[in-house]
Amino acid sequence: LKPCLTLVSMAPIPACNARTLCFPDVEVEQGFLKSRLPNLSKFAFIGLGLALSFTASCFAMMLLLGWSTGGQVFVASVEGVRLSQARACIIGSIGVVCTIAMIVARSDRLIAYLGARGFERALMVAACLVLLFTVMQHPWYLAKTLGTSNPEKVISDPVRWTDDGLMLMMDIVLTGGHLLL
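The rules behind the values
Residues numbered from 1 in each chain as written. Predicted model: local features only at pLDDT ≥ 70, side-chain atom pairs only at ≥ 80, totals over all residues. Heavy atoms only, no water. Helix = DSSP H or I, 4+ residues; strand = E, 2+ residues; numbered from the N terminus. Expected span 1.5 Å × (residues − 1). Bend = angle between axes of the 7 residues up to and from the residue. Buried < 20%, exposed > 50% of the residue type's maximum accessible area, 1.4 Å probe, protein only. Core = buried A, V, L, I, M, F, W, Y, C linked by side-chain atoms within 4.5 Å. Contact = heavy atoms within 4.5 Å. Phe/Tyr/Trp six-rings, centres within 6.5 Å; stacked < 30°, edge-to-face > 60°. Lys NZ or Arg CZ within 6 Å of the ring centre and 35° of its normal.

Novice: What should I look at first to understand the environment of Val78 in this one?
Specialist: By the secondary structure assignment, Val78 is in helix 2 (residues 78–106). Put simply, Val78 and Val154 are 76 residues apart on the chain and 9.5 Å apart in space, counted from C-alpha to C-alpha.

Novice: Any chance you could explain helix 3 (residues 108–137) here in plain terms?
Specialist: Count 3.6 residues to each turn of an α-helix, and residues three or four apart come out pointing the same way. Between its first and last C-alpha, helix 3 extends only 33 Å over 30 residues, short of the 44 Å set by a 1.5 Å rise per residue. At Gly115, helix 3 shows its strongest bend, of approximately 110°. Residues of helix 3 that are buried include every one of Ile111, Gly115, Ala116, Phe119, Leu123, Ala126, Val130, Leu131, Phe133, Thr134 and Gln137, and no others.

Novice: What's the story with the nonpolar core in this structure? I'm lost.
Specialist: Nonpolar side chains in soluble globular proteins generally cluster together in the buried interior. Counting residues in each nonpolar core, the largest one holds 27 residues, and the members touching the most others are Leu48, Phe74, Leu83, Phe119 and Leu142. Listing elements by their share of this core, those giving two or more residues are helix 1 (26–65), helix 2, helix 3 and helix 4 (139–145). Those residues in contact with Leu83, other than ones at most four positions away along the chain, are Phe74, Leu142, Ala143, Leu146, Thr148 and Val154.

Novice: Could you clarify how one ought to interpret the packing of aromatic side chains in this entry?
Specialist: Centre-to-centre distance and the angle between the planes together describe a pair of aromatic rings. Applying the stated criterion across every chain, the model contains 0 aromatic pairs. Here Arg106 stacks its cationic end above the ring of Phe45, 5.2 Å away from the centre of that ring.

As structure tokens, then:
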């Protein structure tokens, strides 16, 4: 492992992994948290709030355009209702993950308990879960995962739901997460 620089004192720390926020002693870690934590916490809260607003907009679309069809994503059939309910559960899971992560991001006690590395790992887990659930709520992948033999018969507009839109959504989430942190 190469020595890396701390963001507090800019002094080299031996055997520190440059890809994570690892600190050899508690004093350096506490100094980093005191100097950087307010902005880190605020930006994490904003990013998670944006993801939570995406969840709310998905639910609003489903309510306004028809709950049984998942907001006119699926064809009105028994299979479409089943997929719509599964998609609603997955979108709700995104909301739950974001809400829990927002609580952690705004709780000074939890952040002090987790430390810099723990907070970094908690944000990483939340980001990975949001990305996983984003892929799983995509109509094509949801239909194939739940055993639909031909998704084109269940999805109302198969041309609209392509990998391009999914990749754009994942790129927005990753880029936004990197910019905010």
